Amino acid sequence: MNEAKKWINDVLATPEGFRVYERERVIVDATESICEEMLRLGLNRKDLAGRLGVTQAKVTQILSGTRALTLGTLSDMFVAMGRSLRIEHAPLSTEV
């Protein structure tokens, strides 16, 4: 097993580590979905910022993880791209 996978498995071995891992996974999934839709539409951060009525810096902060991504902001970003956000859930898994 490579070192990265071992480290992740060690983190997932504790309830607190698992909770933090899941939180970060959701944030990464959300920001990746935003970026994929931006790419599909041919939008850059400045374009999305204009649609949202915010600064390009704010969009950059959200996508880089330096600014909290709320459900409201996430929804606003998808609406600005002509999309409706749907949230799904699944049983917890320790598969990486």
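Everything quoted here is computed from the prediction, not taken from an experiment.

A few words on helix 5 (residues 71-80). Note: α-helices contain 3.6 residues per turn, so residues at a spacing of three or four share the same orientation. Of the positions making up helix 5, those classed as buried are Leu74, Met77, Phe78 and Ala80. One side of helix 5 carries all its buried residues, which in axial view fall inside an arc of 160°. Exposed side of helix 5, more than 90 degrees from the buried face: Leu71 and Val79 are the residues found there. Those residues of helix 5 that are buried lie in contact with helix 2 (15-41), helix 3 (45-52) and helix 4 (56-64). Positive phi appears at Gly82, one or two residues downstream of helix 5, with a value of about 75°.

Of note, Glu37 is situated in helix 2. Judged by relative accessible area, which is 9%, Glu37 ranks as buried. In the structure, Glu37 is positioned 40 residues away from Met77 in sequence and 10 Å away in space, judged by C-alpha atoms. Residue contacts for Glu37: discarding those within four places in its chain leaves Phe78, Met81 and Arg83.

Turning our attention to the environment of Phe78. Examined against the element boundaries, Phe78 turns out to sit in helix 5. Accessibility expressed as a relative area gives 8% for Phe78, which makes it buried. For Phe78 and Leu48, which are 30 residues apart along the polypeptide, the C-alpha to C-alpha distance reads 9.8 Å. Those residues in contact with Phe78 that lie beyond four places of it in its chain are Ser33, Ile34, Glu37, Arg83 and Leu85.

Moving on, we get to the pattern of salt bridges. Taken as a whole and judged by the stated rule, the model has six salt bridges. Arg25 serves as the salt-bridge partner of Asp29, at 2.7 Å between the closest nitrogen and oxygen. You can see Asp29 and its partner Arg25 sitting in helix 2, four residues apart, about one turn around the helix. Here Glu37 makes a salt bridge to Arg40, at a shortest N to O gap of 2.6 Å. Here the residue Glu37 and the residue Arg40 both occupy positions in helix 2, the gap between them amounting to three residues, near one helical turn.

The rules behind the values
Residues numbered from 1 in each chain as written. Predicted model: local features only at pLDDT ≥ 70, side-chain atom pairs only at ≥ 80, totals over all residues. Heavy atoms only, no water. Buried < 20%, exposed > 50% of the residue type's maximum accessible area, 1.4 Å probe, protein only. Helix = DSSP H or I, 4+ residues; strand = E, 2+ residues; numbered from the N terminus. Arc of directions from axis to C-beta. Contact = heavy atoms within 4.5 Å. Salt bridge = Lys/Arg side-chain N within 4 Å of Asp/Glu carboxyl O.

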